[in-house]
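These are the residues of each chain, in order.
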Amino acid sequence: MKPVRARNLPRKTPSKSKSGSKDPVQVYCRLRPMQNESDVSCMTITSPQSIRVSPPDSSTNYRAGTAKDVVYSFKRVFDDSVGQQEVFQTVGLPLVKSLIDGKNGLLFAYGVTGSGKTYTMNGEPRDGGIMPRTLDVIFNTIADYQAKRYTFKADKMNGFEIQSDVDALQERQQDILRNLESRPLRTPRKNSDPDPEVILQCRLPDATKVDSICADSSYAVFVTYVEIYNNSVYDLLEDVPDDMLRNKPLQMKILREDASKNMYVHGVTEVEVQSPEEAFKAFYKGQRKKRVANTMLNSESSRSHSIFSIRLVQAPLDYHGEHVIQDKGSMVISQLSLVDLAGCERTSRTKNSGQRLREAGNINNSLMTLRSCLEILRENQLNGTKQIVPYRDSKLTHLFKSYLDGEGEVRMVVCANPRAEDYDETLQVMKFAEMSQEVQIARPIVPVRLDYGLTPGRRKANQVFRTAVRQMHEDGINANIPVDVDLVYSLSTDFPSMDILDHNGSKVIADLKVFLEERMKHRAMLQRDLLAKQEQIRALLSEVERENVLTKQESSTLHAQLEHERSRIQSLQSKMGSLERQNSSLQRRYDEQEQQINLLQQEKADLEMALSQSAIDRQKVKHRYNAKVQMETEKISHELEKKLERDRQVLRSQLRERDDKIRRVAQALKESAPHSSSSSANSVTNVTSKSDGGTTTQSSSALLKTPGADSRRMGLALRNPRHRRSRSAEGAGRWLDHCPAAPVPLGTVLQPNMKKRKSVTKLTDVKDITKGTERYCLTTQEQDTDGELETRLYKGDIVPTCSGGAQVIFSDVELLKQSSPTGNAAGPVTRKRSAQMSGVDIAERCSTAVEGHGNKRPHILPKP
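The protein has the name Kinesin motor domain-containing protein in an unreviewed UniProt entry, where Megalurothrips usitatus is given as its organism. Note on the protein: under the UniProt heading Sequence similarities (unreviewed entry), the record states "Belongs to the TRAFAC class myosin-kinesin ATPase superfamily. Kinesin family." For the protein, the Subcellular location (unreviewed entry) comment in UniProt is given as "Cytoplasm, Cytoskeleton, Spindle".

**Student:** With reference to specific residues and values, describe the pattern of salt bridges.
**Tutor:** Summed over the entire model, instances satisfying the criterion amount to 28 salt bridges. The closest approach of N and O atoms between Asp340 and Lys290, which form a salt bridge, is 3.8 Å. Within this pair, whereas Asp340 is found in strand E22 (residues 332-340), its partner Lys290 is found in the loop between helix H8 (276-287) and strand E19 (292-293), the two being separated by 50 residues in sequence. Classification of Asp340 as buried rests on a relative accessible area of 3%. By relative accessible area, which is 9% here, Lys290 ends up buried. Among the ionic pairs, Arg568 bridges to Glu565, the shortest N-O distance being 3.5 Å. Of this pair, Arg568 and Glu565 both sit in helix H15 (residues 505-672), three residues apart, which is roughly one turn of the helix.

**Student:** How would you summarise helix H4 (residues 130-141) if you had to cite specific residues and measurements?
**Tutor:** The end-to-end C-alpha distance of H4 is 16 Å, a good match for the 16 Å that twelve residues give at a rise of 1.5 Å each. Counting buried positions along H4 gives eleven out of twelve residues, so the element sits mostly inside the fold. Those residues of H4 that fall on the buried side of the exposure criterion are Ile130, Met131, Pro132, Arg133, Thr134, Leu135, Asp136, Val137, Ile138, Phe139 and Thr141.

**Student:** Describe empty space enclosed by the protein, and please don't skip the residues or the numbers.
**Tutor:** Evaluation of the coordinates by the stated rule reveals four cavities of 30 Å³ or more. Forming the walls of the second largest cavity are Met121, Asn122, Met131, Tyr225, Phe283, Gln287, Ser306, Ile307, Phe308, Leu338, Val339 and Asp340. Mapped by element, the contributors of at least two residues to the lining of the second largest cavity are helix H3 (117-122), H8, strand E21 (305-316) and E22. Taken together, the residues of the lining of the second largest cavity break down into eight nonpolar, three polar and one charged.

**Student:** Go over the pairing of strand E30 (residues 775-783) with me, naming the residues and quoting the values.
**Tutor:** Across four bridges, the pairing between strand E28 (residues 735-738) and E30 is parallel. What sits directly across from His738, in E30, is Leu778. Direction of pairing for E30 relative to strand E31 (residues 789-800): antiparallel, over a ladder of nine bridges. Looking at the pairing, Tyr776 lines up with Gly796 of E31. Hairpin geometry of E30 and E31 is characterised by an intervening segment of five residues between the two adjacent antiparallel strands and by a positive phi of about 85 degrees at Gly787.

**Student:** Give me the lowdown on the state of the cysteines, citing residues and values where you can.
**Tutor:** Inspection of the entire model under this criterion finds zero disulfides. The thiol of Cys739 is not disulfide-bonded; the next cysteine sulfur, from Cys777, is found 8.7 Å away. Cys739 gets classed as buried once you look at its relative accessible area, which sits at 17%.

**Student:** So what's going on with the packing of helix H2 (residues 84-100) against H4? Residues and values would help.
**Tutor:** For the pair H2 and H4, interaxial distance at closest approach is 9 Å and the crossing angle is 45 degrees. Classified by the interaxial angle, the pair formed by H2 and H4 is oblique. Seen along the crossing, H2 lies across H4 with a hand that is right-handed. Along its contact with H2, which presents Gln84, Gln85, Val87, Phe88, Val91, Gly92, Leu93, Val96, Leu99 and Ile100, the element H4 presents Ile130, Arg133, Thr134, Val137, Ile138 and Thr141. Residues of the contact of H2 with H4, tallied by class, amount to ten nonpolar, five polar and one charged.

What counts, and at which threshold
- Residues numbered from 1 in each chain as written.
- Predicted model: local features only at pLDDT ≥ 70, side-chain atom pairs only at ≥ 80, totals over all residues.
- Heavy atoms only, no water.
- UniProt positions renumbered as here; feature names shortened; annotations may be inferred.
- Salt bridge = Lys/Arg side-chain N within 4 Å of Asp/Glu carboxyl O.
- Helix = DSSP H or I, 4+ residues; strand = E, 2+ residues; numbered from the N terminus.
- Buried < 20%, exposed > 50% of the residue type's maximum accessible area, 1.4 Å probe, protein only.
- Expected span 1.5 Å × (residues − 1).
- 1 Å grid on protein atoms, 1.4 Å probe; cavity = no way out; pocket = protein on both sides within 12 Å on 5 of 7 lines; lining within 4 Å.
- Points joined across faces, edges and corners; volume = space filled by probe spheres on them.
- Nonpolar A, V, L, I, M, F, W, Y, C, P; charged D, E, K, R; others polar.
- Pairing = 2+ DSSP bridges.
- Disulfide = S-S within 2.5 Å.
- Axes fitted to C-alpha atoms, helices over the stretch in contact; angles between N-to-C directions.
- Parallel < 35°, antiparallel > 145°, perpendicular 65-115°, else oblique.
- Left-handed = near helix turned anticlockwise from the far one by under 90°.
- Contact = heavy atoms within 4.5 Å.

The following block contains the structure:
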């Protein structure tokens, strides 16, 4: 009879039988060898499953007086003499067997920085770690059962599609063209990056092979490589040129949930590999983009959590044993994630700063979130509570949420450095690892494969049949056997000739007897096989019936739970209604409080405005008072000047009278004693006069020898203006000196002397006045009516305004004026009088007059 074909079976989805049993998280401990002979160890292996940690003298517990030895128990403890092969056989090989059986797996490498996590996961070329040996075992097992490339294609939603042979062939051709086009554009490899070709040539593969594999299925392997850096997910296999990668970092990826409630990285690059070498090339491609930095504790410290995932896709073959059945529901997808966690570290030891400090903070936060999730899971299991597990607090726990909820087997390798310097960090790692063993993970669901009723061993039978046909053609036998003939049950070949009428009748009877005996034996064998098939079908039907009964029971249980949940939802809805009413009342109160706050804020703003206006009014009153004081001061000064002028006139008249007396005495002496002129010429009478500015000395003989001289003599100077400093040097604060572009130098000590000033020739921006200046001085130069140079200094204070600007309040005008003692610039009348000027007039004309005029608020600012 012919085998039952897949198209004759009703379509059904694969059912999964749930198991109520749970398994604890299996934690293994591995010690790193001591780097230096002088290092002191703080760990001692007491048994293959336990280790003792003793606090050294430098530890915090020892200094605090709470030091004591602690013994930690694990599934297995590996000392520094255990090699990579034994570690893989104990930890990784069971996960590989589960992967081939269709189950998921998760393996963590956890520990302090520099404790050997990356070495345990990756190893060396000649002594590979868990990841290289896992790939070797997988490809050793499925070597004869691999599907052609692009038979399975990722659908970007954490699933796969089955492509026909034509579509797969087109994909392979396009891949070849892409490789040919992109080959010249590849950037040269850096000198610091390892050469994958050299590593692959010197590596030693693992020859281990798993026996539990279905020979009538086709397999394909896909790998992904991502890292979690600063709580962001990046795709390390993303095809980005190196020059663009230096200028622009990798694009962050997001986490999503597929139809089966499993978390995955959306848009991640899934590379189909056909051999361990292709997988290693993809891995080393991602290694070049992985964040690694040099710290004080580790020269190549991982600054991110790296996740290398292996996905195995398997689907049954058709009744010919050649092609994959085009049914997406028949696929079985399993995944093994190998996680190399970044090392936990203390800033006090690493002395990190800047970017390294931020990386260390994110690493410690993600590891703390992993610890919190496991602790809450343990509390929920021990106490029966239903606390919410904070998976979403970290991308690491959010990505592996489905594993911790029972979608796969979880294992952990704790790497420890037994040095005494790492005791404080190692103690926290040991506590977390021992606590993790108390967490119970639901046993992974065993996938139920669809049974299409096809003959077992059809792949091998088809290979044998094709080999036989090919051999017949090579031997020259023209056998008309179709290549795609169905495998059928047959008793034997056609009956032999039964003609017994000739002389060979006895031989024909003997041959017929042998033929019938062989036929009967073959028939008995087929009957036994039929009975075995019937028993198998009966057992399958019993299993299906049992599953049906269990499904009905489960359905009734779920129905009761559904009713209970409905009643619970109704009670929650009633509570939600009351809470909404309370919320509405609270919202009304909140709105009222908001209105009250707005009113108070408005009152506050009004009070602040009133205060500011009051301050402005006080400032105005202060300026008016200062103006009045200045006016009174100037008035008093003016009166004093007038009084001084009157005193000067009186002094001039007295000097004139004395000069007249002296002249009359000299005239009388000349007239009475002409003969004694020579002797009188030798006698000198000195007249000395003092003033507040200096001393003037003149001999009387000079007066007598000057014929036709003016009867007036040089008067005494009342003051010397050269000893009086200009008022521009008075006052504190920084000045804004607004002067002409090319001022005429004064050549006198009365010119302005401003130590802190900023000079400008033209005001173009208000910032010149408002920025860093307190006083203002405007300098102008012009000729007076006599043609002499006249310099005026307009001085004032800079006061800021409410609108952010500034105003200048002028408080003084200073006049600097120079006059010629000869009077050349004053006209002919002045030149005639210059020969007859007295000493007082000459002193006044030679002095520089300084006059102060009060002017509080000029309306227009004079231009320089």
